[in-house]
Amino acid sequence: DGDDGYRLWLKYEPVINASVKAEYLRFTAFVGNASKGEIVKSAAVELKTGLKNLLGKSVSVTNSFGNKTGGIVLRLDASNDQQDEGYHIALAGGNIVVSSKSESGILYGTFALLRHMQMQLPIENLKVASSPKVRYRMLNHWDNVDGTVERGYAGSSLWKWYELPEVIDPRYQDYARANASLGINGTVLNNVNASARFMSQEYIVKVAAIADVMRKYGIKTYLSVYFAAPKTLGGLSTSDPLDPQVRAWWKEKVAQIYKEIPDFGGFLVKANSEGEPGPQDYGRTHAEGANMLAEAFKPYEGIVIWRAFVYKADPRADRFKAAYEEFVPLDGKFDPKVIVQVKNGPIDFQPREPFSPLFGNMPKTPLGVEFQITQEYLGFAAHAVYEAPIFKECLNSDTYVNGQGSSVARVVDGSLHGYSRTLMAGVANTGSDRNWTGHPLAQANWYAFGRLSWDHELSSEQIAREWTALTLTRNQKAAESIVLLMLRSREIYVDYNTPLGLSRPWMGVHFAPEPWQNKGSRPDWTAVYYHRADSSGLGFDRTASGSNALAQYQPQVQKQWNNPDKTPLPYLLWFHHVRWDEKLSTGRTLWEELCTRFYTGADSVSWMRQQWDMAKGSLDEQIYASVAQRLEVQHREAIWWRDAWVLYLQTFARQTVPAGFEPPR
Ligand code: GCW
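Residues numbered from 1 in each chain as written. Predicted model: local features only at pLDDT ≥ 70, side-chain atom pairs only at ≥ 80, totals over all residues.

Draft legend 1. Examining the site of the ligand more closely. Around the ligand lies a shell formed by W142, E150, R151, V192, N193, K270, E274, F309, D348, F349 and E376. Looking at the shell around the ligand residue by residue, the classes come out as 4 nonpolar, 1 polar and 6 charged. (Near = placed C-beta within 6 Å. Nonpolar A, V, L, I, M, F, W, Y, C, P; charged D, E, K, R; others polar.)

Structure follows, in C-alpha cells:
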C-alpha cells in the first residue's frame, strides 16, 4: 500500500539496521511513567506506538517501575537544569531516562528520542540536553469560518466548524502530534482577517473542543480577533479602546473564553491594516488598542500578539518604511503582556527581502517574528521551494543595534534586549489535503519552521537531511540528491521569479507574473510601484536620493547596502535604481545579468527534475509521481515567468537577449 503522506515525519518505519535494532531492544522492556498528567500520558502512548512500529514490539506502560531496568523512563524532575519546556535524555541505571521539569518537556524529549530512533542512530553514550530558545512557538492559521483558507493551497481548513463541538475529527490529534513533535506549543485557529463570530458563545465552545485535543500535546489555542467586535457583535455604539464600555466588553469576553478554555493562549490582532478596523479609527494608537486587550487578560496567563503589518495607500510614501514609522515611536508604551509580531521583511513575504528594520529598534517591546510557511509568493503548492534558508537568512541578519553580533535571532529570542516573552510564528501551510500540505516537499517547510522555532541555530542542511530521512527515504544516495535539490530550490526560484532584489511582480491572487500591472484599487497595489522599471533602468532607490528607507537601519547595515557598487547582488534592486547598462560585479550589465538569472533559473528546474529522478525507486511511488508532476508544472511556469519578465523589461531596456539564450516565446 502506497504512502499517502499522511503520517508526515512520524512514520515510525521498521528499524532495518540490525545492530542498532538490537541495541534499541535492550531498552524496550517497559515504558515507565509515574506521572498522571495527560501530556506525559500522550508521551507514553506515542512511545508505545513508536516502538511497536519501529521494532515490532509491544511495550507496556507501567507506573511502578521501581528498580526495573531495560526500559524507557519518563521522569518529572524539578531539579532539571534545563528550562521549563527543556529536557534531558540520558542512559542511567540501565534505562533510557527522559526527564524535564514539565510535562511538555517530557513530551518533547520523547519525540526527540523517537526521532533519534527513526534515524537509526546509536544509543550508546546517548546524552541530550535541549531547551527551546523561544517561548511562544506557534502556527498562525489564516482559516475562515466558511472553511476556506486565505492563501491556502492544500485544500480547505482542517477545522470543521459546522460539526464541532460534538464531532472531533481524529485529524485534530494528528495535527497536534505533528506540531508537538517539533516543539510547537501554540496555534491560532482563525484568520487574522478575523470574523467577529469567533467571539460568540456558539464558536467559543467549538474552539474549546479543539483546545481539549491540543492541550494533551502541550499546545495552547489562540484566536485572531476582529477589533470592531464590541460594535458588530456586542451591539455597542463604538469600539474605541478608551471607552469604558468597550473595555468592559472585552473583559467579559475574555472571562467568557476562560470559562470554556482555562488555558486559553490569547489574542492575535491585525488592526488598521489592509482595511481591518483598529484603534486608529478612533484616533487611538496601536499601543492603546493592544493595552486595552492586555488589561482584559490581566487575571490570566494569556497574551496579546499585535501585528506590525501596516502600510498606507500613499503613492509618494515607501511602504518599506511604514511599520517602522508607526511602531518605533510607540516603543515602551505597550503593556508587558503584549508582543508585537513583525513579518521577517519590511514588505510582504517576498521570495527575498532584507530583514525588517523594526528588529532591534524597539528595545523595550518584545518583538516576535512572523514567517510565512504557506507559499503565497513561492508558487503555491506547485513549486518546490525549501524555506529554511529564507527563515535563516532573516534570523542570521545582523541588525548591529548593540554592535556586531546583534542578529535578528537574538532580538527574537530575547537575549539582546532581555525580553522574557519571545515568539516565533509561522503562517501555516496545512489544509484538508490527505498529505496536509499539497506539495509533498512543502511538509519540509512546516517541519523546518517548527525545528527552527525550537532552535534557530540548526542549519538548513541539517534540517533538510533530518526531514528527508524521516519522511522520504533511508537510501543514502537518494537522500543526497533530494537534499541538494531542496537546498538550491530557493535560489532557483528567486532567479526565475524575482532576481537581484526585485519584488511583487504580481497582484491579486499572487499567482501569475504581472510586472506590467499599473492600475489597482490602491497605488501601492500595483506591480510598477515596487520595481520602478523605466527607460533608464530598474529598481527602487531607497538611499538618501530616494525614499531613504535605508536610514531606518544602523550605519553598519546602511554601509552594506547604500553603495550600488558594493551592495550584494541579491539585494541590489531593493535599494537602488540601476541603469540597464551598468556593469555589475559579475562583469555583465544589469540587463545581461537579469537575463542570465531568468534563463539559468528556469533551466535549473530541469536540473531539479533530474535530481528528483535520481531518487526514483528509493521512494514511495505515489510521492515520487506527485513531486515529479509538480516539477513539470514548475518548469513550465518558470519559463512563463522568465518570458513575461524578459518581454516586459525589454520594452524599457530596448535590448536583445544576450547571445546563447533563446529569445522568449
Ligand atoms: O500578504 C498579505 C496577504 C493577505 C494577508 C496579509 C496579512 C491575511 O496577501 O492575504 O492577509 O498579507 O499578512 O495580513
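Let's pick the thread back up.
Draft legend 2. Structural context of the sheet that holds strand 12 (residues 338-343). Judged by pairing direction, the barrel is parallel, and its 8 strands sit side by side in the order 7-8-9-10-11-12-13-14 before closing back on the first. Taking each pair of neighbouring strands and ignoring which way they run, the sheet shows an average axis angle of 25°. (Pairing = 2+ DSSP bridges. Helix = DSSP H or I, 4+ residues; strand = E, 2+ residues; numbered from the N terminus. Axes fitted to C-alpha atoms, helices over the stretch in contact; angles between N-to-C directions.)

Draft legend 3. Quick look at the pairing of strand 12. Taking burial as the measure, the 6 residues of strand 12 include 6 buried ones, the bulk of the element. By the alternation rule, side chains of strand 12 split into V338, V340 and V342 and I339, Q341 and K343, which are all buried. Direction of pairing for strand 11 (residues 303-307) relative to strand 12: parallel, over a ladder of 4 bridges. The partner of W306 across the bridge, within strand 12, is V340. Bridge analysis of strand 12 against strand 13 (residues 367-372) gives 4 bridges, and the strand direction is parallel. If you follow V342 over to strand 13, its bridge partner there is V369. (Buried ≥ 20, exposed ≤ 12 C-beta atoms within 10 Å, placed from the backbone.)

Draft legend 4. Region of interest: the UniProt feature "domain: Alpha glucuronidase N-terminal" (unreviewed entry) in the chain. When the UniProt feature table is mapped onto this chain, "domain: Alpha glucuronidase N-terminal" (unreviewed entry) is found at residues 8-113. With 35% helix and 21% strand, residues 8-113 has end C-alpha atoms that lie 17 Å from one another. (UniProt positions renumbered as here; feature names shortened; annotations may be inferred.)

Draft legend 5. Local environment of the nonpolar core. Counting 202 residues, the largest nonpolar core has V304 and V340 as the members making the most contacts within it. Considering each element in turn, this core owes the most residues, 10 residues, to helix 18 (residues 590-614). With residues near it in sequence (within four places) discarded, V340 still touches W306, A308, F327, F334, M362, T365 and L367. (Core = buried A, V, L, I, M, F, W, Y, C linked by C-beta atoms within 7 Å. Contact = placed C-beta atoms within 7 Å.)

Draft legend 6. Structural view of helix 9 (residues 319-327). In terms of burial, helix 9 is a largely internal element, 7 of the 9 residues being buried. Of all the residues in helix 9, the buried ones are R319, F320, K321, A322, A323, Y324 and F327. Taken together, the buried residues of helix 9 touch helix 8 (286-296) and strand 12.

Draft legend 7. Fine view of the UniProt feature "domain: Glycosyl hydrolase family 67 catalytic" (unreviewed entry) in the chain. According to UniProt, the "domain: Glycosyl hydrolase family 67 catalytic" (unreviewed entry) feature falls on residues 117-436. Structurally, residues 117-436 comprises 26% helix and 14% strand, and the distance from its first C-alpha atom to its last is 24 Å.

Draft legend 8. Looking closely at the environment of P663. With respect to the helices and strands, the residue P663 is situated in the segment after helix 19 (621-653). Put simply, P663 and V646 are 17 residues apart on the chain and 9.0 Å apart in space, counted from C-alpha to C-alpha.

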